[in-house]
Amino acid sequence: MSRSAHPAGPRHADVYPEGHYTAPADDLNALDEKVWARTVRRNEEGVVSVGGREVTRLAEEFGTPAYFLDEADFRARCRAWADAFGTEADVFYAGKAFLSRAVVRWLKEEGLNLDVCSGGELSTALDAGMPAERIAFHGNNKSTEEIVRAVEAGVGRIVLDSFQEIVRVAHIAQERGRRQRVQIRVTVGVEAHTHEFIATAHEDQKFGIALAGGQAAEAVRRALKLDGIELIGIHSHIGSQIFDMAGFEVSARRVVQLLAEVRDEHGVELPEIDLGGGLGIAYTSEDDPREPHHIAKSLTEIVTRECEAAKLRTPRISVEPGRAIVGPTAFTLYEVGTVKPLEGLRTYVSVDGGMSDNIRTALYDAEYSVALVSRRSDAEPMLVRVVGKHCESGDILVRDAFLPADIAPGDLLAVPATGAYCRSMASNYNHACRPPVVAVKDGAARVIVRRETEEDLLRLDVG
Ligand SMILES: *Cc1c(COP(=O)(O)O)cnc(C)c1O
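Keep in mind it's a predicted model, so treat the numbers as computed, not measured. (Residues numbered from 1 in each chain as written. Predicted model: local features only at pLDDT ≥ 70, side-chain atom pairs only at ≥ 80, totals over all residues. Heavy atoms only, no water.)

Caption draft 1: How the structure looks around the packing of aromatic side chains. Scanning all chains against the criterion turns up seven aromatic pairs. For the ring pair F62 and F68, a centre distance of 6.2 Å and an interplane angle of 65° mean the geometry is edge-to-face. By the burial criterion, F62 is buried, and F68 matches it. Between F74 and W106, the ring centres sit 5.3 Å apart and the planes meet at 55°, which makes this aromatic pair tilted. Of this pair, F74 sits in helix α2 (residues 71–85) while W106 sits in helix α3 (residues 101–109), and the two are 32 residues apart along the sequence. By the ring-pair criterion, three or more aromatic residues cluster together here, those being W36, F62, F68 and F331. (Phe/Tyr/Trp six-rings, centres within 6.5 Å; stacked < 30°, edge-to-face > 60°. Buried < 20%, exposed > 50% of the residue type's maximum accessible area, 1.4 Å probe, protein only. Helix = DSSP H or I, 4+ residues; strand = E, 2+ residues; numbered from the N terminus.)

Dropping the structure here:
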């Protein structure tokens, strides 16, 4: 699954330590289109641009660190997902990957639906004008207040995650004279990883209601009895950053099996099945994600085949990509502050951000690429670790990468594929001010989430 240590080649034989790196690319100035947003280019002088705007100018105007999001790419990815599934299925963007008012408007314009999993995400969605019926509400411990707001707003569905919640949502809806459309989230006993899936023992986690032991069947039994809710389907989400469709196949088969049991026991054919999100993207040149139309084709085929076998009408499918839509559309721009060569080990390159704007490397050993973007360099490749400015030795952005050996303070570096789970997981550690998100399109750049300021931090500090 992971990249193994490769000898870096004769040119770079000076004893590199063990690590998850491959030999450097032939030309470090080349930008692999797999990991960069669609409109990213490098010009003759070596300056990289996005949406027609050079990063050197963007850094002057907006400062660093900052996230730059390619709006045209975001919209194109929304359309690719919507077109791939056509009118036969629904695409819900998972808001937790990255949500802002602008994002909500783009989703609305491009015909996508939206998953939220907190009151905060719900209020952003509604404030920016997403019609409530196009919103799905998730979460394993929604508060009573959140459920009330979702029901009163008229969200299209609430995804129920526990026996308590079945009763809670039914009660809240009934009190208000409503019948809330719901799905039940089940755990199918499959946990999918990047390049593999494991089909045992993964009921041991907090989400959903297990199919095993008849738990999910019991949840359906209870839900069908309650007037305040209308059970419209079964939901399953098996993991994240998945490339292999095998996990989805097992998941779909097990969910369809539940639908057949429900039909046999209750004479009801539930009309919807949601297969969740989790589709992988390229963080490095090693990753090979599938195109939405391949994913749509194989998911639709799997569900159709399983339903035919079970003599069920094929339910309406929905999917919930988050990362696969927003992840590749943004990069984080940093300025190099210090360069510290450690003899026989590697060189540490410190930038002006870190784990406060991208926690993924520290949190789960995520792999990223990095490039020098403010100029061209034909210097030899040098093994580096790109680190932040926080008071933690685990404050690593890119664990192992090659940069030109003449990298120096003042250079701009960009880490691609940071659109998902970076700004949305950003923190104020060390009282860092969270970076802005700047949308760039057709030569125009505009801030969609502004940079946090020290006044913002002090405003919360009321002691
Ligand atoms: C996180 C999540 C998603 C989105 O996952 P991605 O890996 O971003 O595609 C979709 N559905 C549910 C229920 C989730 O929890």
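Caption draft 2: Region of interest: the packing of α2 against α3. Where α2 meets α3, the axes come as close as 9 Å, and the angle between the chain directions of the two elements is 40°. Overall, the two elements α2 and α3 adopt an arrangement that is oblique. Between α2 and α3 lies a crossing of right-handed hand. Contacts from E71, F74, R75 and C78 in α2 reach V103, W106, L107 and E109 in α3. For the contact of α2 with α3, the per-class residue count stands at five nonpolar, no polar and three charged. (Axes fitted to C-alpha atoms, helices over the stretch in contact; angles between N-to-C directions. Parallel < 35°, antiparallel > 145°, perpendicular 65-115°, else oblique. Left-handed = near helix turned anticlockwise from the far one by under 90°. Contact = heavy atoms within 4.5 Å. Nonpolar A, V, L, I, M, F, W, Y, C, P; charged D, E, K, R; others polar.)

Caption draft 3: View of the domain arrangement of the protein. Looking at the protein, the domain boundaries give domain 1 (12–70 + 328–460) and domain 2 (138–321). Placing the centre of domain 1 and that of domain 2 at their C-alpha centroids yields a distance of 36 Å. Across the boundary between the two partners, domain 1 contributes ten residues, which contact eight residues of domain 2. Of all residues in domain 1, K34, E367 and A417 give up the largest surface area on contact with domain 2, accounting jointly for 43% of the area buried on that side. Connecting domain 1 to domain 2 are one salt bridge. We note a salt bridge from D288 to K34, for which the minimum N-O separation is 2.9 Å. Summed over the shared surface of domain 1 and domain 2, the number is six residue pairs in polar contact (both at pLDDT 80 or more). For the side of domain 1 that touches domain 2, the residue count by class is four nonpolar, two polar and four charged. (Domains from an automatic or database assignment. Buried area = accessible area lost by both parts, 1.4 Å probe. Salt bridge = Lys/Arg side-chain N within 4 Å of Asp/Glu carboxyl O. Polar contact = N/O pair within 3.5 Å; in protein donor to acceptor, adjacent residues only side chain to side chain.)

Caption draft 4: The arrangement of the site of the ligand in detail. The full set close to the ligand counts 15 residues, and K96, S240, E320, R323 and Y421 are the nearest of them. Within the side chain of E320, one N or O atom sits 2.7 Å away from a nitrogen atom of the ligand. R323 is positioned with one of its backbone polar atoms (N or O) 2.8 Å from an oxygen atom of the ligand. Protein burial of the ligand: of its 390 Å² of free accessible surface, 93% is covered by the chains. Grouping the constituent residues of the shell around the ligand by class yields three nonpolar, seven polar and five charged. (Near = heavy atom within 4 Å. Areas by Shrake-Rupley, 256 points an atom, 1.4 Å probe, with all protein chains shown as cover.)

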